[in-house]
Amino acid sequence: MKPIGPLMVEHRLIERMIVIVKEELKNIDRGKKADPFFIDTYVDFARTYADRCHHGKEEDILFRDLAKKKLSPEHRKTMDELVEEHKYARKTVGELVSAKDRYVQGNMDALKDITTRLAALAEFYPKHIEKEDKRFFFPILDYFTKQEQDAMLQEFWEFDRKLIHEKYQQVVEKLTRK
Ligand SMILES: [Fe+2]
Ligand SMILES: [Fe+2]
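Residues numbered from 1 in each chain as written. Chains lettered and ligands numbered in written order. Predicted model: local features only at pLDDT ≥ 70, side-chain atom pairs only at ≥ 80, totals over all residues. Heavy atoms only, no water.

### Looking at the nonpolar core
Nonpolar side chains in soluble globular proteins tend to be buried together.
Part 1 of the reasoning: In terms of nonpolar packing, the biggest core is built from 29 residues, with Tyr42, Leu96, Ile114, Leu118 and Tyr125 touching the most fellow members.
Part 2 of the reasoning: Those elements giving two or more residues to this core turn out to be α1 (4–31), α2 (36–66), α3 (73–104) and α4 (110–135).
Part 3 of the reasoning: Considering every element that reaches this core, the biggest residue donor is α4, with nine residues.
Part 4 of the reasoning: Core analysis: the second largest hydrophobic core is formed by 20 residues, Met8, Phe63, Met79 and Leu82 among them. (Core = buried A, V, L, I, M, F, W, Y, C linked by side-chain atoms within 4.5 Å. Buried < 20%, exposed > 50% of the residue type's maximum accessible area, 1.4 Å probe, protein only. Helix = DSSP H or I, 4+ residues; strand = E, 2+ residues; numbered from the N terminus.)

### So, the coordination of the iron ion (ligand 1)
Part 1 of the reasoning: Distances from the iron ion (ligand 1) to its protein donors, Glu58 (OE), His86 (NE2), His128 (NE2) and Glu132 (OE), fall within 2.0 to 2.2 Å.
Part 2 of the reasoning: What the four donor atoms of the iron ion (ligand 1) show is an angle range of 87 to 175 degrees at the metal, which sorts the shape as irregular.
Part 3 of the reasoning: Motif for the iron ion (ligand 1), donor spacing along one chain: E-x27-H-x41-H-x3-E.
Part 4 of the reasoning: Between the iron ion (ligand 1) and the iron ion (ligand 2) the interatomic distance amounts to 3.1 Å, and Glu58 serves as a bridging ligand to the pair. A residue pair is termed long-range when its members are at least 10 positions apart, and Glu58 in helix α2 and His128 in helix α4 qualify at 70 residues. Note on accessibility: Glu58 and His128 belong to one class, buried. (Donors = N, O, S within 2.8 Å, 3.2 Å for Na, K, Ca; no water. Tetrahedral: all angles 85-135°; square planar, octahedral: opposite > 155°, others 65-115°.)

### Notes on unusual backbone geometry
Part 1 of the reasoning: In this structure, Lys32 takes a positive phi of about 55 degrees despite not being glycine.
Part 2 of the reasoning: Structurally, Lys32 can be placed in the loop between α1 and α2.
Part 3 of the reasoning: Among the residues examined, Lys32 registers a relative accessible area of 58% and is labelled exposed.

### Some details on the coordination of the iron ion (ligand 2)
Part 1 of the reasoning: The coordination sphere of the iron ion (ligand 2) contains the protein donors His11 (NE2), His54 (NE2), Glu58 (OE) and Glu132 (OE), at a distance range of 1.9 to 2.1 Å.
Part 2 of the reasoning: Classification of the site at the iron ion (ligand 2) rests on its four donor atoms, whose angles at the metal span 83 to 169 degrees, yielding the label irregular.

### A few points about the side chain of Lys167
Part 1 of the reasoning: Structurally, Lys167 is set in helix α6 (residues 146–177).
Part 2 of the reasoning: Side chain to side chain, Lys167 and Thr48 meet in a polar contact 3.3 Å long.
Part 3 of the reasoning: Not counting residues up to four positions away in its chain, the partners in contact with Lys167 are Asp44 and Thr48. (Polar contact = N/O pair within 3.5 Å; in protein donor to acceptor, adjacent residues only side chain to side chain. Contact = heavy atoms within 4.5 Å.)

### Details of the environment of Met17
Part 1 of the reasoning: Looking at the element boundaries, Met17 is found in helix α1.
Part 2 of the reasoning: Once the C-alpha coordinates of Met17 and Phe45 are considered, the two residues, 28 residues apart in sequence, prove to be 8.5 Å apart.
Part 3 of the reasoning: Once residues lying within four places of it in the same chain are set aside, the contact partners of Met17 are Tyr42 and Phe45.

Here it is, written out as structure tokens:
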């Protein structure tokens with residue numbers, strides 16, 4: 001398997017989540033209310049899976065190794081854009097959390113902020129994924145030897161192996177500090 005294999009599999013799950021987010025946006029529009037439990041579940045997915053697990057492998061391993069290569073200006077530019085887009089997703093998820101917190105405290109104006117952030121993420125991910133899948137992942141594989149690709153795939157598996165431990169280590173740390 002090529003190292004982009006697991007990343008593309010992860011894209012498919014993120015896309016499925018975006019379909020659910022779009023359905024939830026319709027529910028919010030119909031009922032004029034948000035479901036804080038749904039938002040908590042989505043935020044956990046966005047932070048742990050889409051950001052830490054998925055963007056983490058892209059940035060900490062693939063882009064890190066790619067940055068050491070002599071990239072074409074076009075590939076360098078696309079990689080920089082992808083990193084910026086990850087930052088945008090992180091920021092938007094943070095804004096969603098703060099809107100949900102205000103909503104739970106009874107601020108009904110926060111409902112609009114919840115919908116704009118959910119809609120922004122639903123619009124963002126398909127485009128970001130298409131850019132990676134269709135215009136970046138395959139061409140950039142050529143910068144790596146077969147051996148380098150195999151090593152990267154191994155590092156991906158190792159990254160994933162540690163993730164569940166990291167996640168729950170943080171849960172306990174956070175509760176300890178309370
Ligand atoms: Fe990405
Ligand atoms: Fe991605």
